[in-house]
Amino acid sequence: MQRLYRKRIVLGVGGGIAAYKSAELVRRLRDQGADVHVVMTRGGREFITPLTLQALSGHPVHLDLLDPAAEAAMGHIELARWADLVLIAPATADLMARLAQGVADDLLTTLVLATDAPIALAPAMNQAMWRDPATQANAQLLGERGMRLLGPAAGSQACGDVGLGRMLEADELAQCAADCFQSQALTGKHVLITAGPTQENIDPVRYITNHSSGKMGFALAEAAAEAGAKVTLISGPVHLPTPDRVTRIDVVSARDMLAACEAAMPCDLLIAAAAVADYRPEVVAQHKLKKDPSSGDGLLLQMVRNPDILATLASRADRPFSVGFAAETENLLGYASRKLQDKNLDLIVANDVANPSIGFNSEENAITIIDRDLQQSSFAQTSKGKIARQLVDFIADRLHRA
Ligand code: C5P
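Treat the numbers as computed from the prediction; the structure is a model and nothing was measured.

### Some details on the site of the ligand
Lining the immediate environment of the ligand, one finds Ala-272, Ala-274, Val-276, Asp-278, Pro-307, Asp-308, Ile-309, Leu-310, Gly-324, Phe-325, Lys-339 and Lys-343. Within the backbone of Ala-274, a nitrogen or oxygen atom sits 2.6 Å from an oxygen atom of the ligand. Between the ligand and Ile-309, the relevant distance is 3.0 Å, taken from a nitrogen atom to a main-chain nitrogen or oxygen of the residue. Alone, the ligand offers 440 Å² of accessible surface; in the complex the protein occludes 87% of this.

Below, the structure is given as structure tokens:
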């Protein structure tokens with residue numbers, strides 16, 4: 001099991017002798033499925049070469065804040081947004097002091113200020129430096145601001161001392177990095193998620209469908225499982241692997257999807273991310289339709305409405321906390337609010353599919369969530385994985401308050 005499958009990790013390497021372990025750490029993170037970009041401080045470069053970390057991570061190492069060529073490839077803000085997790089190993093006493101002060105005088109410290117990803121620090125320093133009240137105060141402050149401290153461990157040190165201050169081993173840090181993605185926000189809850197498109201058959205070889213890739217729904221399933229939920233993912237035809245610890249049921253048409261959802265009930269939370277076909281051909285031809293000269297150049301297909309899966313489940317006596325999506329190309333918030341009311345939802349997630357960078361099949365998304373009081377909360381454009389985790393945290397919070 002790859003616990004960091006497709007997770008985007010920025011690994012910050014500070015200037016301490018433990019930097020030699022960072023090379024192994026990159027390998028362990030990648031073994032767990034992570035995509036790793038390394039950022040080195042000036043001090044870090046004194047202990048291990050960027051070339052080593054470039055070869056192991058498979059990406060050029062990020063070194064300077066004010067390097068126009070590097071900024072053109074992936075700028076510091078872009079990198080800060082890209083990250084699902086910023087892991088700093090080794091985090092030296094000096095680096096921790098600078099982070100505690102909010103200094104932003106190099107690429108790594110700037111990135112830490114700019115990111116909204118979780119940040120984890122693996123302190124590594126001489127035991128006396130770790131015990132020093134200044135370092136202890138910085139560690140406490142950084143912890144209070146939400147950074148996770150991984151270690152340090154006790155043992156013999158490169159300088160000959162024995163005590164607390166050793167950086168955790170690469171294996172342990174890779175496990176801790178994976179733990180950073182686990183929360184308990186949905187423990188004990190059954191979450192039902194619909195994803196992907198539906199296909200509505202016209203004849204044995206043709207069907208009507210849409211551009212949905214399923215990426216958002218699958219990312220939500222993964223995030224809900226990481227938050228401790230029992231997840232049932234009901235998916236239309238997509239080309240995506242099933243996330244870990246998720247029960248997946250594949251369906252084809254809207255009616256199949258409704259039947260699968262009803263069979264999976266009851267649930268505590270329903271997130272309807274599927275792009276369900278609103279209509280289907282009234283009759284599915286038994287044999288392949290032929291070009292009919294008598295109807296000229298046209299073909300008339302009689303269509304009928306499909307059931308609305310979300311509205312159906314949200315109107316049951318045992319209705320779950322219900323979250324819908326409104327993918328619109330115009331009047332986004334107006335249409336979304338109307339759907340919230342018409343379908344009797346608790347929350348609706350509006351996204352603008354006219355924007356190609358966040359629309360169907362793209363890797364990123366940006367969303368606005370609307371609640372029953374028509375209050376809006378927005379999450380800025382970032383990867384669908386990160387949006388999914390933000391959204392799951394938001395929904396879990398509302399679910400517990402409901
Ligand atoms: O009405 P519209 O299709 O725009 O609504 C979108 C929301 O409703 C999405 O959450 C979608 O998954 C859900 N839906 C559904 N069944 C349908 C149509 C939409 O569950 N037949």
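That shown, we press on.
### Topic: helix α9 (residues 133–144)
For α9, which comprises 12 residues, the first-to-last C-alpha distance of 16 Å matches the rise-based estimate of 16 Å (1.5 Å per residue) to within 8%. For α9, the full list of buried residues reads Thr-135, Asn-138, Ala-139 and Leu-142. The arc that holds every buried residue of α9, seen down its axis, measures 100°, which confines them to one face. In α9, the exposed positions that point more than 90 degrees away from the buried face belong to Pro-133, Gln-140 and Glu-144. Each element contacted by the buried residues of α9 is listed here: α6 (93–101), β4 (119–123), α8 (127–131) and β5 (148–149). Of the residues flanking the start of α9, the one acting as N-cap is Asp-132, its side-chain oxygen 2.8 Å from the backbone nitrogen of Ala-134. Note on α9: the residue one or two positions beyond its end, Gly-146, has a positive phi of about 100°.

### A closer look at the pattern of salt bridges
Scanning the model with the defined rule gives 25 salt bridges in all. Here Asp-106 ties to Arg-98 by a salt bridge, and the two come within 3.3 Å at their closest N and O atoms. Like Arg-98, Asp-106 is buried. A salt bridge links Asp-308 to Lys-343, with the nearest nitrogen and oxygen atoms 2.6 Å apart.

### Quick notes on the packing of α6 against α9
Helix packing geometry: the angle between the two helix axes and the distance between the axes. Packing of α6 against α9 leaves a shortest axis separation of 9 Å and a crossing angle of 50°. It follows that α6 is oblique to α9 by the angle criterion. Of the two possible hands of crossing, α6 and α9 adopt the one that is left-handed. Residues Ala-93, Met-96, Ala-97, Leu-99 and Ala-100 of α6 pack against Thr-135, Asn-138, Ala-139, Leu-141 and Leu-142 of α9.

### Concerning the domain arrangement of the protein chain
Each assigned domain of the protein chain is listed with its residue range as follows: domain 1 (2–179) and domain 2 (190–401). Here the C-alpha centroids of domain 1 and domain 2 sit 38 Å apart. The interface is formed by 10 residues belonging to domain 1 together with 10 residues belonging to domain 2. Between domain 1 and domain 2 lies a buried interface of about 760 Å² when both sides are counted; carbon and sulfur atoms form 30% of it. Run the count over domain 1 and domain 2 and you get 5 salt bridges. The residue Glu-222 makes a salt bridge to Lys-7 at a minimum N-O spacing of 2.8 Å.

### Some words on the pairing of β4
Summarising burial for β4: 5 of the 5 residues are buried, a large majority. In this structure, β4 lies alongside β5, joined through 2 bridges in parallel fashion. Residue pairing for β5: Ala-120 is matched across the bridge by Arg-148.

Definitions and limits used
- Residues numbered from 1 in each chain as written.
- Predicted model: local features only at pLDDT ≥ 70, side-chain atom pairs only at ≥ 80, totals over all residues.
- Heavy atoms only, no water.
- Near = heavy atom within 4 Å.
- Polar contact = N/O pair within 3.5 Å; in protein donor to acceptor, adjacent residues only side chain to side chain.
- Areas by Shrake-Rupley, 256 points an atom, 1.4 Å probe, with all protein chains shown as cover.
- Helix = DSSP H or I, 4+ residues; strand = E, 2+ residues; numbered from the N terminus.
- Expected span 1.5 Å × (residues − 1).
- Buried < 20%, exposed > 50% of the residue type's maximum accessible area, 1.4 Å probe, protein only.
- Arc of directions from axis to C-beta.
- Contact = heavy atoms within 4.5 Å.
- Salt bridge = Lys/Arg side-chain N within 4 Å of Asp/Glu carboxyl O.
- Axes fitted to C-alpha atoms, helices over the stretch in contact; angles between N-to-C directions.
- Parallel < 35°, antiparallel > 145°, perpendicular 65-115°, else oblique.
- Left-handed = near helix turned anticlockwise from the far one by under 90°.
- Domains from an automatic or database assignment.
- Buried area = accessible area lost by both parts, 1.4 Å probe.
- Pairing = 2+ DSSP bridges.

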